[in-house]
Amino acid sequence: MKTLFSLLFLSILCISCNTKKEDTAKKETVVAEVVKTPTLSKATFITETLELTHCESAVYDKDTDVIYASLIGDREPGDGSIATVGVDGKLINAQFVSGLNDPKGIAITKDKLYVSDVTELVEADLKTGKILNKYTAEGIEFLNDVAIAPDGAIYVSDTRTSKIYRLDQKGTFDFWLSDPKLDNPNGLLIQGDTMYVASWGGAPEGGRVSKLDINNKKIIAVTDIIGNLDGIRPYDKNHLIISDWRSGKVHLMNFDGTTKEVVTVGQSVGDIAYIKEKNLLLLPMNKQSRLLFYELK
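Per chain, residues are indexed from 1 in the order of the written sequence. This being a predicted model, a pLDDT of at least 70 is required before a residue's local features are given, and a value of 80 or more before pairs of side-chain atoms are given or counted; all residues contribute to the totals for chains, interfaces and linings. Side-chain calculation: all heavy atoms of the structure are included, whereas hydrogens and water are not.

*Asks:* Where do I start with the packing of aromatic side chains in this structure?
*Replies:* In this description, an aromatic ring pair is defined by two values, namely the gap between the centres and the angle between the planes. Only rings of Phe, Tyr and Trp enter the pairing, Trp through its six-membered ring, and a pair is recorded when the two centres are within 6.5 Å. The plane angle decides the type: under 30 degrees is stacked, over 60 is edge-to-face, the rest tilted. On inspection of all chains with the given rule, the structure shows nine aromatic pairs. Both rings, one in tyrosine 235 and one in tyrosine 274, keep their centres 4.9 Å apart while their planes meet at 40°; by these two values the pair is tilted. Linking tyrosine 235 in strand β18 (residues 229-236) with tyrosine 274 in strand β22 (residues 273-275), this pair joins segments that are 39 residues apart in sequence. With respect to class, tyrosine 235 is no different from tyrosine 274; both count as buried. Think of it this way: any DSSP run of H or I at least four residues long counts as a helix, any run of E at least two long counts as a strand, and we number them from the N terminus. Only protein chains enter the accessibility calculation, which uses a 1.4 Å probe; a residue is then buried when its area is under 20% of its type maximum, exposed when over 50%, and partly exposed in between.

*Asks:* Teacher, can you tell me more about the pairing of strand β14 (residues 185-191) here?
*Replies:* Along any regular strand the residues' side chains alternate between the sheet's two faces. Counting buried residues in β14 gives six out of seven residues, a clear majority hidden from the surface. Pairing of β14 with strand β15 (residues 194-199), which is carried by six bridges, proceeds in the antiparallel orientation. Counted as the bridge partner of proline 185 is serine 199 from β15. In short, DSSP must find at least two bridges between two strands for them to pair. Two successive antiparallel strands, β14 and β15, enclose a turn made up of two residues, where glycine 192 displays a positive phi of approximately 65°.

*Asks:* Even after reading the chapter, I still don't get the pattern of salt bridges, so can you show me in this structure?
*Replies:* Oppositely charged side chains can pair when the atoms bearing their charge come close. Salt bridges are defined as contacts in which a side-chain nitrogen from Lys or Arg sits within 4 Å of a carboxyl oxygen from Asp or Glu. Applying the stated rule across the entire model yields ten salt bridges. A salt bridge links lysine 249 to glutamate 261, with the shortest nitrogen-to-oxygen separation between them at 3.9 Å. In this pair, lysine 249 sits in strand β20 (residues 249-254) while glutamate 261 sits in strand β21 (residues 259-264), placing the two residues twelve residues apart along the sequence. The class of lysine 249 is partly exposed, set by a relative accessible area of 31%. Each member of the salt-bridge network shares a partner with another, and the members are Arg75, Asp102 and Lys104.

*Asks:* Help me understand the sheet that holds strand β5 (residues 91-100) in this model?
*Replies:* Across the sheet, which stays open at both edges, the four strands sit in the order β2-β3-β4-β5 with antiparallel pairing between neighbours. Edge strands, defined here as strands with exactly one partner in the open sheet, are β2 (55-61) and β5. Strand-to-strand twist of the sheet, defined as the mean angle between neighbouring strand axes without regard to direction, takes the value 20°. Two strands pair when backbone bridges link them, and β2 and strand β3 (residues 66-71) are joined in this way by six bridges, in the antiparallel orientation. The residue bridging valine 59 from the neighbouring strand is tyrosine 68, located in β3. Fitted lines through C-alpha atoms give the axes, limited to the stretch in contact for helices. The angle between two N-to-C directions lies from 0 to 180 degrees.

*Asks:* Even after reading the chapter, I still don't get the side chain of glutamate 56, so can you show me in this structure?
*Replies:* Of note, glutamate 56 is situated in strand β2. Charged residues are defined narrowly, with Lys and Arg counted positive, Asp and Glu counted negative, and His plus the chain ends left uncounted. No salt bridge is formed by the buried glutamate 56, whose closest oppositely charged neighbour, lysine 104, lies at an N-O distance of 6.4 Å. The contacts of glutamate 56, once residues within four sequence positions are left out, are Ser70, Ile72, Pro103, Lys104, Asp230, Gly270, Asp271, Pro284 and Asn286. Contact definition: two residues touch when any of their heavy atoms are within 4.5 Å.

*Asks:* Please explain the side chain of asparagine 186 as it appears in this structure.
*Replies:* Mapped onto the elements, asparagine 186 comes out in strand β14. A distance of 3.2 Å separates a polar atom in the side chain of asparagine 186 from the backbone oxygen of leucine 229. Once residues lying within four places of it in the same chain are set aside, the contact partners of asparagine 186 are Asn144, Asp145, Ser157, Thr159, Ala198, Ser199, Trp200, Leu229 and Asp230. Each polar contact in these results corresponds to two N or O atoms within 3.5 Å; when the atoms are within protein, one needs to be able to donate a hydrogen and the other to accept it, and residues that are neighboring in sequence are counted only if both atoms are side-chain atoms.

*Asks:* Before we go on, may I ask you to explain the pairing of strand β19 (residues 239-244) in this structure?
*Replies:* Among the six residues of β19, six are classified as buried, and the element is accordingly described as predominantly covered. Side chains His239, Ile241 and Ser243 project from β19 onto one buried face, and the interleaved Leu240, Ile242 and Asp244 project onto a second face that is buried too. Strand direction decides the pairing type here: β18 and β19, joined by five bridges, are antiparallel. Its bridge partner lying in β19, proline 234 is registered against leucine 240. Counted between consecutive antiparallel strands, the loop separating β18 from β19 contains two residues. One ladder, built from six bridges, connects β19 with β20; its direction is antiparallel. Bridge pairing in β20 places isoleucine 241 opposite leucine 252.

*Asks:* Is there a simple way to think about the sheet that holds strand β16 (residues 209-213) in this case?
*Replies:* Ordered by their spatial adjacency, four strands build an open sheet running β14-β15-β16-β17, and the pairing between neighbours is antiparallel. Only two strands of the sheet have a single partner each, and these edge strands are β14 and β17 (219-221). With strand direction ignored, the average angle separating the axes of adjacent strands in the sheet is 25°.

The structure is reproduced here in structure tokens:
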């Protein structure tokens, strides 16, 4: 009987030990899975393009693999331009579009480039850089960013007056929306029927990101106040990427309004661009007269 009892006790003990080992292994597996969960990484500096006089905005053309950057110049009449830059950071042509005054936001189609220039929306040929048209309207004071809707309409923000103007498909340029909730709008981004607005803000602490339905023009705040916002671009299906001009910070913004800082580069980071297929973040630096290249995965 003693022998039988001893064997039974040893069997229970072995089962218990094996169970603990399995539980431990399961816990270790869970820990390993948590460690492997991808996190949002910080940006890594790659290179920079110098001598871009008060560089304000950047946009990428995937068809030609070329970056277009707006250069304000030294604020002399006609000394502003659009430069072309390679994805390796090498300057191609500092005067691709010349004779501008104070160019800021850029947007491109298959064959045209649109850039805001103080009180005008300028349309240029994307292949030659030749200026084709200039549009303006009564009451405009400070045009800033430019965005293109799926139907081909061009929208441009007036930061000083908290208004947005539109160039429709027929070539008519006119006032589109005025609302205090725009809060000195700067960056514009259109996805489907939704326009995202990055506001400079009228309060000392700055502005926030809002969204509006292009069809009914209803505006909803997405984030709390972040800072003096400038650029806003897509990052992935769950995030946008935004820049704060005054603090020099770049944030990833979840669509629920939460944000995560990815890099700080110094005051005057402007209308940014992100090239997803290259994991390349482009940061125009106004005061520093350069375009910074960062890797961001």
